[in-house]
Amino acid sequence: GAWGLQPGARADLLVVDELQDFQLPWVEALLQRARPQARVLLLDDPNQQLYPDREELDIPQAVRVTTWDNYRSPRQVVQAINAFRLSPQPIRACGPWEGLMPSFHRYQPSAGNLRRTTEAAVRELLAAGHAPEEIAVITWRGRDRSQLLALDSLADLPLRKFTGNYDEAGQPLWTDGRLQLDSLRRTKGQAAPAVVLTEVDFDTLGELERHLLFVGMTRARMSLAVVLTEQAEQALAARLGGA
């Protein structure tokens, strides 16, 4: 019973957000819940398409409205997104907050300095005036591959992490902590005043990597720090150079 409809009831207005996360059969099932003359709004962002089993929907009779405006992210973050060409069209910064240019911190997996480098990025945001509760540490890697998600604290702060369990209402259960840590895919659709995007590691900035980086960078409403490997840093530098 999505959106509070009683079983068998049909909607006069249907709004599907984050359409890029839906498979076609899911959308078709939702459309069956709309009346024949219902108004249907389908909202998607191809720059945030993270799943290989999804495809862009083509509805010939639909009225298509496209915008490249961004009202959430600081202008400096939008400038960085455009500089790295993470979007096929430049994003227009419409938000009021100028912010600072994102900071980049290199770590070396072979040197075992991921935690120390991530903690330095967290302390940088703390020194800028952000409270621990305002900072979200977002790891590029999933729950089974992240080194950081196995930790209980970062920068001497207890971590708030998803336990993997849900309450009776279906809401996720979290550990007690002041500094939130979660995976990039689970953080999609959320935002925080300050973000540390960490464990960023890729050799080539392909389509999936561009989308992941776009999602991670746009989670920040005020400040952003990125912790990445030398290979990822070089791939981004190549984008700046026009390669």
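An account of the accompanying structure is given in this report. (Residues numbered from 1 in each chain as written. Predicted model: local features only at pLDDT ≥ 70, side-chain atom pairs only at ≥ 80, totals over all residues. Heavy atoms only, no water.)

Moving on: the sheet that holds strand E7 (residues 153–154). Within a sheet, each strand pairs with its neighbour through backbone hydrogen bonds, oriented either parallel or antiparallel. If you trace the seven strands from one edge of the open sheet to the other, you get E5-E13-E12-E6-E11-E8-E7, paired in mixed fashion. Edge positions in the sheet fall to strand E5 (103–106) and E7, since each has one partner strand and no second. Contacts from helix H5 (residues 207–217) reach strand E12 (192–200) and strand E13 (220–228) within the one sheet, and its direction differs from that of E12 by about 150 degrees. (Pairing = 2+ DSSP bridges. Helix = DSSP H or I, 4+ residues; strand = E, 2+ residues; numbered from the N terminus. Contact = heavy atoms within 4.5 Å. Axes fitted to C-alpha atoms, helices over the stretch in contact; angles between N-to-C directions.)

With that settled, the discussion passes to the packing of aromatic side chains. A ring pair, where both rings are aromatic, is described by two values, the distance of the centres and the angle of the planes. Going through the model one piece at a time under the given rule, you end up with five aromatic pairs. Taken together, a centroid distance of 6.2 Å and an interplanar angle of 75 degrees make the contact between Phe22 and Trp26 edge-to-face. Given the relative accessible area of 40%, Trp26 is considered partly exposed. Look at Trp140 and Phe202: their rings are 5.5 Å apart centre to centre, the planes differ by 35 degrees, and that puts the pair in the tilted class. Within this pair, whereas Trp140 is found in the loop between strand E6 (135–139) and E7, its partner Phe202 is found in the loop between E12 and H5, the two being separated by 62 residues in sequence. Aromatic rings pair up to connect Phe162, Tyr166 and Trp174 into one cluster. (Phe/Tyr/Trp six-rings, centres within 6.5 Å; stacked < 30°, edge-to-face > 60°. Buried < 20%, exposed > 50% of the residue type's maximum accessible area, 1.4 Å probe, protein only.)

Nonpolar side chains tend to gather and get buried jointly when the protein is soluble and globular. By size, the foremost hydrophobic cluster in this structure holds 30 residues, and its most contacted members are Leu86, Val200, Phe202, Leu213 and Met217. Elements supplying a minimum of two residues to this core: helix H2 (75–83), E6, E12, H5, E13 and helix H6 (230–240). If one sorts the elements of this core by residue count, H5 sits on top with five residues. Filtering out sequence-adjacent residues up to four positions away, Leu213 remains in contact with Leu86, Trp140, Leu197, Leu205 and Leu236. Counting residues in each nonpolar core, the second largest holds 20 residues, with Ala121, Ile135, Val137 and Leu148 among its members. (Core = buried A, V, L, I, M, F, W, Y, C linked by side-chain atoms within 4.5 Å.)

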